[in-house]
Amino acid sequence: MPVLYDKAVTNTWLALDKNAVNRINQVLQRAECVDFYGTGISYILAQSAVFKFATLGLECSAYESINAHYLAARKNKKTIAFLISFTGANRTVIRIAKYLREATGNYVVGLAGPHSQVLRKWCHEIVEIPNRDSLLSLDVITSFSAVTYVLDIFFSLLLAKRYEEHAKSSLEMLTHMDLLLDKP
């Protein structure tokens, strides 16, 4: 298992377009809202990302589909949307990307596998996730680890810029620790 994780992170790092990461980071730093979209296990990754990013005080949400009313109501907020697809060819994710690109002012980022040609045309940026075309069940571990790694890079970039603000909120949280933990 450690070899699988190491290989996923190493291959992702080697394939990462550092210029794309910088462009995405510039938008992310100015974002008021961060939305994550995925289906199936990718939705679990989206939920995990929401938890992490929300700790920095950002308005975040995870979705498996389009909530058009919500998007219309928030149209004037600076929003970055991350769409997760291990293959890059998930029809639902492609439809979501198309809607976001055409109907909203969202900056759309695809975290996608190698079959992302169609998805690519609806995203401002694609971060390619190395994915071997195999039916082995262990491949989901590699893709899951790779996407987690990329999302952690973006989380870390945000944390670095907001470190002092985050430290203050963390200290505030500690003043109420007795309410969070079941201790006498």
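These lines cover the structure that appears in this document, whether it is placed above or below.

Scoring rules and cut-offs
Residues numbered from 1 in each chain as written. Predicted model: local features only at pLDDT ≥ 70, side-chain atom pairs only at ≥ 80, totals over all residues. Heavy atoms only, no water. Helix = DSSP H or I, 4+ residues; strand = E, 2+ residues; numbered from the N terminus. Expected span 1.5 Å × (residues − 1). Buried < 20%, exposed > 50% of the residue type's maximum accessible area, 1.4 Å probe, protein only. Arc of directions from axis to C-beta. Contact = heavy atoms within 4.5 Å. Patch = residues over 30% accessible without salt bridge, like charges linked within 9 Å, V, L, I, M, F, W, Y side chains within 5 Å. Areas by Shrake-Rupley, 256 points an atom, 1.4 Å probe, with all protein chains shown as cover. Salt bridge = Lys/Arg side-chain N within 4 Å of Asp/Glu carboxyl O. Pairing = 2+ DSSP bridges. Axes fitted to C-alpha atoms, helices over the stretch in contact; angles between N-to-C directions. Phe/Tyr/Trp six-rings, centres within 6.5 Å; stacked < 30°, edge-to-face > 60°.

## Looking at helix H1 (residues 2-15)
Point 1. In this model, H1 (14 residues) spans 20 Å end to end at C-alpha, consistent with the 20 Å of a helix rising 1.5 Å per residue.
Point 2. Turning to H1, its buried residues number three or more, namely Leu4, Ala8 and Thr12. Projection of H1 onto a plane perpendicular to its axis shows the buried side chains occupying an angular sector of 60 degrees, all on one side. What points out from H1, more than 90 degrees from its buried face, is the exposed set Pro2, Val3 and Leu14.
Point 3. Against the buried residues of H1 lie helix H7 (139-161).

## Considerations on a nonpolar patch on the surface
Point 1. A contiguous nonpolar surface patch, about 380 Å² in accessible area, is contributed by Met173, Leu174, Leu180 and Leu181.
Point 2. Position of Met173 among the secondary structure elements: in helix H8 (residues 163-174).

## Comments concerning the sheet that holds strand S3 (residues 79-85)
Point 1. Reading across the sheet, the 5 strands line up as S2-S1-S3-S4-S5 and stay open at both edges, with parallel pairing between neighbours. The open sheet has two edge strands, strand S2 (59-63) and strand S5 (125-128), and neither has a second partner. Neighbour to neighbour, the strand axes of the sheet diverge by 15 degrees on average, direction disregarded.
Point 2. Alignment of S3 against strand S4 (residues 107-112), held across 6 bridges, turns out to be parallel.

## Section: the packing of aromatic side chains
Point 1. If you walk through the whole model with that rule in mind, you get 6 aromatic pairs.
Point 2. Their ring planes at 10 degrees and their centres at 5.4 Å tell us that Phe36 and Phe82 sit as a pair that is stacked. Of this pair, Phe36 sits in strand S1 (residues 33-37) while Phe82 sits in strand S3, and the two are 46 residues apart along the sequence. The two residues Phe36 and Phe82 agree in class, both being buried.
Point 3. Pairing Tyr63 with Tyr70 gives two aromatic rings, centres 5.4 Å apart and planes at 45 degrees, and the pair type is tilted. Each of the two residues, Tyr63 as well as Tyr70, counts as buried.
Point 4. Ring-pair connections join several aromatic residues into one group, and the members of that group are Phe36, Phe53, Phe82, Phe154 and Phe155.

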